[in-house]
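Here is what each chain is made of, one letter per residue.
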Amino acid sequence: MESVTRKHSIALIPARFAHYRYPVFRLLSNKDKNEFDLSIFADTKERLGIKLANFDVNKTNSKNEEIKWDRIKDIYINDVCFWQTGLLSIALDKRYDTIVYWGEAHRISTWLSAIIARARNKRILFWTHGLYGSEGWLKRTIRIKFYQLADGLLVYSKHSRSLLEEESIDPKKLFVINNSLDYKKQEKIYQSLSASALQKIKHELFKNSNKVLCFVGRLEK
């Protein structure tokens, strides 16, 4: 009888189950294409005006198509999340080999959970904006100490990577992953448009032939 090799198991704890991350979460959850099993832990309550993915919020343990997720609760003070319930249990859970935390240093539960996970020889990753370059000495020092808990940092940009390297973070632990765009869907739409169709759209929107720059993101107050 052949032995079945257990797949590497990963617990992913994002800041929220944002709708714009849904395509990325689906790709990460594809068991046929990935050499790991993924479980996502996130709150289901919308905050700060950010739309969440569409799922049944009445269930604490459910599936969003092929995505496996469990509900946890975010606790805020003045719009700042300082605690996520269930993180200590996840660190202690033998099922998970790697834990990917949302890398914000003001989340006290992440500090404690990461320390426990390290003690249990789990691999720790932080998905984070990293450094912006505008932090004061105290905030920068706290963030660097926080990042040093992780085996690796998944950062948004090369700029953040460079700032972290300047703070003596090992470059081998830094991975630029950019942001969560639905690239395949966007590429399909882009390929379906002809040059004449694009010119027509630009003229209808701007009434001129000036060059156009596009920004993908959100504006916050």
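Above this text is the structure in question.
Structural notes, computed from the coordinates. (Residues numbered from 1 in each chain as written. Predicted model: local features only at pLDDT ≥ 70, side-chain atom pairs only at ≥ 80, totals over all residues. Heavy atoms only, no water.)

Here Ser9 is to be found in strand β1 (residues 8-13). In this structure Ser9 touches Asp37, Arg95, Tyr96, Asp97 and Thr98, once residues within four positions along its chain are discounted. (Helix = DSSP H or I, 4+ residues; strand = E, 2+ residues; numbered from the N terminus. Contact = heavy atoms within 4.5 Å.)

Further remarks concern unusual backbone geometry. Unusually for a residue other than glycine, Ser168 sits at a positive phi of about 70°. Locating Ser168 in the fold gives a position in the loop between α5 (158-166) and β10 (174-176). Residue class for Ser168 comes out exposed when judged on its relative accessible area of 68%. Even without a glycine there, the phi angle at Lys207 is positive, about 60°. Locating Lys207 in the fold gives a position in the segment after α7 (195-206). (Buried < 20%, exposed > 50% of the residue type's maximum accessible area, 1.4 Å probe, protein only.)

For the rest of this paragraph, the subject is the pairing of strand β9 (residues 152-155). Here β9 shows a buried face lined by Gly152 and Leu154 and a second buried face lined by Leu153 and Val155. Taken together, the four bridges between strand β8 (residues 123-128) and β9 define a ladder with parallel strand orientation. In the strand pairing of β9, Phe126 is matched with Leu153. Regarding the hand of the β-α-β motif, the stretch spanning β8, helix α4 (residues 137-147) and β9 is right-handed. Viewed along the sheet, the connection from β9 through α5 into β10 turns out right-handed. (Pairing = 2+ DSSP bridges. Right-handed = clockwise from strand over helix to strand, strands pointing away.)

Pairing between side chains becomes possible if they bear opposite charge and their charged atoms approach one another. Within this structure, the stated rule accounts for six salt bridges. We note a salt bridge from Arg6 to Asp97, for which the minimum N-O separation is 2.8 Å. Residue Arg6 is found in the segment before β1, and its partner Asp97 is found in the loop between α2 (87-92) and β7 (98-102); the two are separated by 91 residues along the sequence. Judged by relative accessible area, which is 52%, Arg6 ranks as exposed. Between Asp93 and Arg95 there is a salt bridge, and its shortest N-O distance comes to 2.7 Å. Asp93 sits in the buried class, given a relative accessible area of 19%. Overall, the relative accessible area of 52% leaves Arg95 in the exposed class. (Salt bridge = Lys/Arg side-chain N within 4 Å of Asp/Glu carboxyl O.)

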